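Analysis of the macromolecular model
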Amino acid sequence: MATRTPLISGNWKMHHNHFEALATVQKLNYLLGEEEDLQVEVSVHAPFTDLRTLQTAIEQDKMPIVLGAQHCHWEEKGAFTGEVSPAMLAKLNVRYVIVGHSERRELFGESDEWVNKKVLAILAHGMVPIMCCGETLDERDAGQTDAKVAGQVRAGLEGVSPAQVGGLVIAYEPIWAIGTGRTASAEDAQATCAVVRRTVAEVAGEDAAASVRIQYGGSVKPANAAELMAQPDIDGALVGGASLDAADFAGIVRH
Ligand code: PGA
């Protein structure tokens with residue numbers, strides 16, 4: 001079986017200016033530096049205005065932290081006011097880019113088709129997408145969780161080669177658990193992450209399914225991280241609120 005190094009990602013959303021961002025990674029670096037042997041990969045996904053500052057700090061101090069972004073366009077350049085291209089992120093040594101977060105889908109109209117274009121563009125620039133999927137509370141109550149999540153995964157992976165699929169990250173985030181303090185039970189989270197992995201096997205084969213990393217997201221805290229990440233199909237976490245504070249985030253990384 002493929003070994004999957006867990007990836008714990010901090011999604012800062014629209015929080016932390018570049019001074020606050022720098023202070024947060026410096027503290028995180030200090031806290032993680034105490035770990036003799038970090039068995040997980042850690043990424044932070046800061047607002048665009050912070051990225052250059054964080055890149056410089058992470059590289060100069062050789063921090064055990066990987067630079068991530070929260071979003072990008074799929075085009076290389078052009079008349080797209082307000083957008084940032086994958087090429088621009090790659091130039092800052094960004095490694096992971098979140099795609100299709102439910103807030104982008106719900107508040108900014110991102111469709112499955114856009115998510116797919118972004119996944120392909122991010123891969124084409126040598127970065128790794130963290131492609132998000134997840135159901136609303138109504139969909140869960142109507143028993144549609146598996147169909148919704150499998151549909152998003154299929155649509156997002158359209159035209160992606162099996163080898164590329166194996167290298168990417170998929171985040172399962174039940175929308176009703178994001179920022180609400182409600183977490184899916186470890187059992188429910190595992191069951192849906194298993195659906196994600198099965199769907200990957202169907203579209204890209206068993207090898208890709210064995211190596212793709214699946215994160216759980218939605219009110220992950222130091223107190224619930226261990227139980228969630230002990231599940232066989234959960235290979236890390238996408239953490240919002242609790243990643244803003246370096247001590248809480250380090251607590252999740254250590255779990
Ligand atoms: P949360 O956010 O941890 O604050 O629930 C998770 C996310 O939206 O990625």
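Residues numbered from 1 in each chain as written. Predicted model: local features only at pLDDT ≥ 70, side-chain atom pairs only at ≥ 80, totals over all residues. Heavy atoms only, no water.

**Side note on the overall build of the protein**
Helix and strand content of the protein: twelve helices and eight strands. In terms of C-alpha radius of gyration, the protein reaches 17 Å, essentially the compact-globule figure of 18 Å for 255 residues. If you line up the protein on its principal axes, its C-alpha atoms span 45 × 45 × 35 Å. Across the 255 residues of the protein, 54% fall into the buried class. Sequence-distant contacts, at least 24 apart, represent 73% of the contacts inside the protein between residues at least 6 apart. Just so you have it, the protein exposes about 11300 Å², and 52% of that area is on carbon and sulfur atoms. Within the protein, one finds 21 positive and 34 negative side-chain charges whose respective centroids are separated by 4 Å. (Helix = DSSP H or I, 4+ residues; strand = E, 2+ residues; numbered from the N terminus. Rg over C-alpha atoms; globule rule 2.2 N^0.38 Å. Buried < 20%, exposed > 50% of the residue type's maximum accessible area, 1.4 Å probe, protein only. Contact = heavy atoms within 4.5 Å. Areas by Shrake-Rupley, 256 points an atom, 1.4 Å probe, with all protein chains shown as cover. Lys, Arg positive; Asp, Glu negative; His and termini not counted. Charge placed at Lys NZ, Arg CZ, Asp CG, Glu CD.)

**Digging into the pairing of strand 6 (residues 169-172)**
Residue alternation in strand 6 divides its side chains into two sets, V169 and A171 and I170 and Y172, and both sets are buried. Bridge analysis of strand 5 (residues 128-133) against strand 6 gives four bridges, and the strand direction is parallel. Note that in strand 6 the partner of C132 across the bridge is A171. (Pairing = 2+ DSSP bridges.)

**Observations regarding the nonpolar core**
With 79 residues, the main nonpolar core has L28, L54, L89, V94, I170, V200 and Y216 as its most contacted residues. Broken down by element, this core gets its largest block of residues, seven residues, from helix 9 (residues 186-204). For L28, the contacting residues outside a window of four places in its chain are V42, V44, I65, A246, F249 and A250. (Core = buried A, V, L, I, M, F, W, Y, C linked by side-chain atoms within 4.5 Å.)

**Re the sheet that holds strand 5**
Reading around the barrel, the eight strands line up as 1-2-3-4-5-6-7-8 and close back on themselves, with parallel pairing between neighbours. Pairs of neighbouring strands in the sheet enclose a mean axial angle of 25 degrees, with direction left out of account. Here helix 12 (residues 246-254) sits on the sheet and contacts strand 1 (7-11), strand 2 (41-45) and strand 8 (236-239); the angle it forms with strand 1, its principal contact strand, is near 160 degrees. (Axes fitted to C-alpha atoms, helices over the stretch in contact; angles between N-to-C directions.)

**What to know about the site of the ligand**
In the vicinity of the ligand, 13 residues are found, and the nearest of them are K13, H101, E173, G179 and S219. Interatomic distance of 2.8 Å between a backbone N/O atom of G240 and an oxygen atom of the ligand. Between the ligand and G241 there is a distance of 2.8 Å, counted from an oxygen atom to a backbone nitrogen or oxygen. Contact with the protein chains hides 97% of the accessible area of the ligand, taken as 280 Å² for the molecule alone. Within the shell around the ligand, the residues separate by chemical class into four nonpolar, seven polar and two charged. (Near = heavy atom within 4 Å. Polar contact = N/O pair within 3.5 Å; in protein donor to acceptor, adjacent residues only side chain to side chain. Nonpolar A, V, L, I, M, F, W, Y, C, P; charged D, E, K, R; others polar.)

**Describing the pattern of salt bridges**
Applying the stated criterion to the full structure yields 13 salt bridges. A salt bridge links K13 to E103, with the shortest nitrogen-to-oxygen separation between them at 2.9 Å. Taken together, the residues K13 in the loop between strand 1 and helix 1 (18-33) and E103 in helix 4 (residues 102-108) connect sequence positions 90 residues apart. Linking D235 and R197 is a salt bridge whose minimum nitrogen-to-oxygen distance equals 2.8 Å. Within this pair, whereas D235 is found in the loop between helix 11 (222-229) and strand 8, its partner R197 is found in helix 9, the two being separated by 38 residues in sequence. One connected set of salt bridges, linked through shared partners, spans R4, R197, D233 and D235. (Salt bridge = Lys/Arg side-chain N within 4 Å of Asp/Glu carboxyl O.)

**Quick notes on unusual backbone geometry**
The backbone of K62 sits at a positive phi, close to 45 degrees, despite the residue not being glycine. Considering the arrangement of structural elements, one finds K62 in the loop between helix 2 (51-60) and strand 3 (66-69). The backbone of N93 shows a phi angle near 60 degrees, a positive value even though the residue is not glycine. When you line up the elements, N93 lands in the loop between helix 3 (86-91) and strand 4 (96-99). A residue is classified by how much of its surface remains accessible, and N93, at 47% relative accessible area, is partly exposed.

**Thoughts on the packing of helix 1 against helix 2**
The contact between helix 1 and helix 2 brings their axes to 9 Å, and the two run at 25 degrees. Regarding the angle of helix 1 to helix 2, the classification is roughly parallel. As helix 1 runs across helix 2, the sense of the crossing is right-handed. Contact residues: helix 1 offers H18, A21, L22 and V25, while helix 2 offers T53, L54 and A57. Broken down by class, the residue content of the contact of helix 1 with helix 2 amounts to five nonpolar, two polar and no charged. (Parallel < 35°, antiparallel > 145°, perpendicular 65-115°, else oblique. Left-handed = near helix turned anticlockwise from the far one by under 90°.)

Coordinates in, geometry out; function isn't part of it.
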